[in-house]
Amino acid sequence: MARLARLQLSEEELEPMARELSAVLDHIAKIGELDLQDVAPTTHVVEVTDGLRADEPRASLPRELALAQAPAVSDEGFSVPSPQA
Amino acid sequence: MSATDIIGLSAAEAAREISSGTLAAGELFEVYRTRAAEHACGAGLNCFTWVASEASAEPAPGEDVAPGTQGGALRGVPLAVKDLFCTENVPSQSGSRILEGYLPPYTATAVSRLRRVGARLLGKTNQDEFAMGSSNENSAYGPVLNPWNRERVPGGSSGGSAAAVAAGLAPWALGTDTGGSIRQPAALCGIVGLKPTYGAVSRYGMIAFASSLDQAGPLTRDVTDAALMLRHLVGRDECDATSLAFPEEIELPSAERLDGIRLGVPEELTGGSAGDGSEGIEAGVLDAFRAALRRAEELGAEIVESIHLPHAPHALAAYYVLAPAEASSNLARFDGVRYGLRKMDPAHPGDLLGMYTRTRHDGFGAEVKRRIMLGTYALSSGYYDAYYGRAQRVRTKIAEDFHTAFDQVDLIVTPTAPTVAFKLGEKTEDPLAMYLNDYCTVPMSLAGIPAISIPCGLSDGLPVGLQIAGPAFSENRLLEAAHALERALGFDGSPTRVNGTTA
């Protein structure tokens, strides 16, 4: 699961994490008690109609600004280790 | 005006003094700036992670308001802002090591709206990392101390904002609430905190925790200030597709009576037992809550006992599926590529995956990792229906419960938090005990409805919060009722302002 979440957990972190997560999952199991057949899921609580803005071209964040906080930059782009490495 | 007199002014009063010319904006800003700086970056109550420099007392060119507009209503009033709001070229770290020193290229809509009417950015306030916590102990920049008692937590996640307002280090503050993060710290610090209707305030520029729940709102000394700040916060923003035009102007409240108002007391959220073997709401909190209800009755309100929110006991469980699930996707952006921390795996220095996992290992704190794990699990294939799908259905039932309840009553009242401020370290070993702090606030979050916490008394010398909730977009009614009660309760928040003054 940690790998799926792109998290590295040290040996010392694993045991308490597993213990704490099982306690929380035990509590979460409460939602299994309810009869929820024919209940629609809620994805958005307040009705939004016409949430779209006009589709007009506009300036985006300038490249220098977008790159200003990057840990590594090369060729006017974000620099990362090669995925094939 | 002496510094003590200046600190004694509410934000609304300070704005009035400035516009009438009896108080200079620069003087007001400097008094607060000096105080805030004494409680920043590990010193004092540790409320601030960044404080404005002396020069920023003056408006930046082009920042001030056009004369003759409605703008300028908050001219010169200093504003403390929770760290997770992006502020252009000002550190915005969301309480996390992974964003240490991050300088955003733009400012959050909520902040720019207040600045547009003249508010001045005083400082950025400490918070639980990515707003995950109820005690402010999950901040990478150290815990915030409660100005009522420095051995106690201020609540969270907007703990720095709440403690700063209570200690008179800022006239008011901007916070965010996902499951109680404005209301609970407001309650524990003896101030007012309002979570607006979901969508009332733009989320643009807020570093996201759980997008379907996050909402910005005011932390203030009194209800009038909460209304004043909210008035300038609400409105549709085309940068946030979930934001909505507020259907009416937010009025400054004036009610002194509650005649004809039906206040419902939900049995599920006001009992001595919260289930799960927890102790439920502690006796001192219930006493203060009951005393406030008697006051409300004297003001003409009708107290409707034992209304029901049958699914409220399941709200916390649903919340701890939905919020971590959304967090696990929102926090995927912190990978060491575009901003923030980057760490390579020393064993595989050229490895991309190793860079992701190492960066996140070093950059995130324990609670954030816990929630990412929980959320990733809840969204993983094979478990999605059992967790996320079910939790969304519970959410529907909770919203229906409130609908039904609001057919019988105008507003719903509960204690804001089950306990008064607890000791630092008391609940850090037991995440579930920490989560139970949000027992009374999470149901309103899931339903997207507005709720306000006002101080209603003391228990063991520590403040108790009263929560008042109403239907979506009922903020004006909520503020009127809170205002009437606030006047009748006469809570005195001034003692903590002494604690914010260095001896």
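Chemist: Could you give an account of the overall build of chain A, with specific residues and numbers?
Modeler: Counting its secondary structure elements, chain A contains two helices and two strands. If you list the helices and strands of chain A from N to C, you get α-α-β-β. Against the 2.2 N^0.38 benchmark of 12 Å for 85 residues, chain A shows a C-alpha radius of gyration of 23 Å, more extended than a compact globule. Taken over the C-alpha atoms alone, chain A extends approximately 55 × 50 × 25 Å along its principal axes.

Chemist: Any chance you could break down the overall build of chain B for me, citing the residues and the numbers?
Modeler: Assigned secondary structure in chain B consists of 16 helices and eleven strands. By the compact-globule yardstick of 23 Å for 503 residues, chain B fits well, its C-alpha radius of gyration being 21 Å. Along the first, second and third principal axes, the C-alpha atoms of chain B reach 70 × 55 × 45 Å. Burial statistics for chain B: of 503 residues in total, 64% are counted as buried. Residue pairs in contact within chain B that sit at least 24 positions apart in sequence constitute 75% of those at least 6 positions apart.

Chemist: Lay out the sheet that holds strand β1 (residues 48–51) of chain B with the relevant residues and their values.
Modeler: All names here are of chain B. Pairing is mixed across the open sheet formed by eleven strands, whose spatial order is β1-β3-β2-β4-β6-β5-β10-β11-β9-β7-β8. Each edge of the open sheet is held by one strand with a lone partner, namely β1 and β8 (302–307). Averaged over neighbouring strand pairs, the angle between their axes works out to 30° when direction is ignored. Pairing of strand β2 (residues 78–82) with strand β4 (residues 172–177), which is carried by two bridges, proceeds in the parallel orientation. Counted as the bridge partner of V81 is L174 from β4. The strands touched by helix α7 (residues 223–233) within the sheet are β4, β5 (192–195), β6 (215–220) and β10 (451–459), with β6 carrying the most contacts at an inclination of about 145°.

Chemist: So what's going on with the pairing of β6(B)? Which residues, and what values?
Modeler: Residue and element names in this part refer to chain B. Of all six residues that make up β6, six are buried, and the element is covered over most of its length. As judged from the six bridges shared by β4 and β6, these two strands associate in the antiparallel manner. When the bridges of β6 are listed, D177 appears paired with Q215. The sheet contact formed by β5 and β6 spans two bridges and is antiparallel. When the sheet's bridge partners are listed, V192 is paired in β6 with T220.

Chemist: Break down the environment of B:E251 for me, citing the residues and quoting the values.
Modeler: All names here are of chain B. Among the secondary structure elements, E251 is positioned in the loop between α7 and β7 (262–266). A tally of 12 C-beta atoms within 10 Å means that E251 is categorised as exposed. For E251 and S474, which are 223 residues apart along the polypeptide, the C-alpha to C-alpha distance reads 12 Å. Beyond its immediate chain neighbours, meaning those up to four positions away, E251 contacts A227 and N476.

Chemist: Requested: an account of the packing of helix α9 (residues 315–330) of chain B against helix α11 (residues 366–379) of chain B, with residues and values cited.
Modeler: Residues and elements named next belong to chain B. Taken N-terminus to C-terminus, the directions of α9 and α11 make an angle of 100°; their axes are 7 Å apart at the nearest point. In this view, α9 runs roughly perpendicular relative to α11, as classed from their interaxial angle. For the pair α9 and α11, the contacting residues are V321, P324, A325, A327 and S328 in the first and R371, I372, L374, G375, T376, A378 and L379 in the second. Tallied by class, the residues present in the contact of α9 with α11 amount to eight nonpolar, three polar and one charged.

Chemist: Explain α11(B) to me, using residue names and the numbers behind them.
Modeler: Compared with the 20 Å implied by 1.5 Å per residue over 14 residues, the 20 Å span of α11(B) between its first and last C-alpha is a close match. Looking at the buried positions of α11(B), the neighbouring elements they touch are α1 (11–28) of chain A together with α9, α12 (385–408) and α13 (431–435) of chain B.

Chemist: Residue-level account of the nonpolar core, with values.
Modeler: Residue and element names in this part refer to chain B. Core analysis: the biggest nonpolar cluster contains 171 residues, and L79, A163, A164, A170, A318, V321 and I468 have the highest contact counts within it. Counting residues per element, this core draws most heavily on α9, at eleven residues. Every residue in contact with A163, bar those within four places of it in the chain, is listed here: L45, C47, V144, L145, N146, P147, P154 and C189.

Chemist: Pulling in residues and values, what's your account of the packing of α1(A) against α9(B)?
Modeler: At a closest axis distance of 8 Å, the pairing of α1(A) and α9(B) adopts a crossing angle of 125°. For the element pair α1(A) / α9(B), the angle class is oblique. Contacts between α1(A) and α9(B) pair A:V24, A:H27 and A:I28 from the former with B:A317, B:Y320 and B:V321 from the latter. Partitioned by chemical class, the residues of the contact of α1(A) with α9(B) number five nonpolar, one polar and no charged.

Chemist: I'd like a description of unusual backbone geometry, backed by residues and values.
Modeler: Residue and element names in this part refer to chain B. Geometrically, the link from G156 to S157 is a cis peptide bond, its omega value of 10° lying close to zero. Its place among the elements puts S157 in the loop between β3 (120–125) and α5 (159–166). Despite not being glycine, N46 shows a phi value in the positive range, around 60°. One can find N46 in the loop between α3 (25–37) and β1. In the Ramachandran plot, N89 falls in the positive-phi region, its phi being about 60° despite a non-glycine side chain. Locating N89 in the fold gives a position in the loop between β2 and α4 (109–116).

Chemist: Can you break down α1(A) residue by residue, with the values?
Modeler: Helix length check: α1(A), at 18 residues, gives a terminal C-alpha distance of 26 Å against a target of 26 Å (1.5 Å per residue), a fit within 8%. Three or more residues of α1(A) are buried, namely A:M17, A:V24 and A:I28. Those residues of α1(A) that are buried are in contact with α9, α11 and α13 of chain B.

Chemist: Got a sec to walk through the interface of chain A and chain B? Specific residues and values, please.
Modeler: Counting residues at the interface gives 43 residues for chain A and 56 residues for chain B. Residues of the side of chain A that touches chain B, tallied by class, amount to 31 nonpolar, eight polar and four charged.

Chemist: Could you give an account of the environment of B:G336, naming the residues involved and the relevant values?
Modeler: For B:G336, the location among the structural elements is in the loop between α9 and α10 (352–363). Counting along the chain gives 22 residues from B:G336 to B:R358, while the straight-line C-alpha distance between them is 9.2 Å.

Chemist: An account of the confidence of the model for chain B is requested, with residue identities and associated values reported.
Modeler: All names here are of chain B. Per-residue confidence for chain B averages 94 on the pLDDT scale, and 95% of its residues sit at or above 70. Low pLDDT (under 50) marks residues 64–71, which in the prediction has ten contacts with non-local residues, meaning those over four places away or in another chain. This stretch, residues 274–278, has a pLDDT under 50; its non-local contacts, to residues over four places away or in other chains, come to eight contacts. For this predicted complex, the interface score ipTM comes out at 0.93, alongside a pTM of 0.96.

Criteria and cut-off values
Residues numbered from 1 in each chain as written. Chains lettered and ligands numbered in written order. Predicted model: local features only at pLDDT ≥ 70, side-chain atom pairs only at ≥ 80, totals over all residues. Helix = DSSP H or I, 4+ residues; strand = E, 2+ residues; numbered from the N terminus. Rg over C-alpha atoms; globule rule 2.2 N^0.38 Å. Buried ≥ 20, exposed ≤ 12 C-beta atoms within 10 Å, placed from the backbone. Contact = placed C-beta atoms within 7 Å. Pairing = 2+ DSSP bridges. Axes fitted to C-alpha atoms, helices over the stretch in contact; angles between N-to-C directions. Parallel < 35°, antiparallel > 145°, perpendicular 65-115°, else oblique. Nonpolar A, V, L, I, M, F, W, Y, C, P; charged D, E, K, R; others polar. Expected span 1.5 Å × (residues − 1). Core = buried A, V, L, I, M, F, W, Y, C linked by C-beta atoms within 7 Å. pLDDT = per-residue confidence, 0-100.

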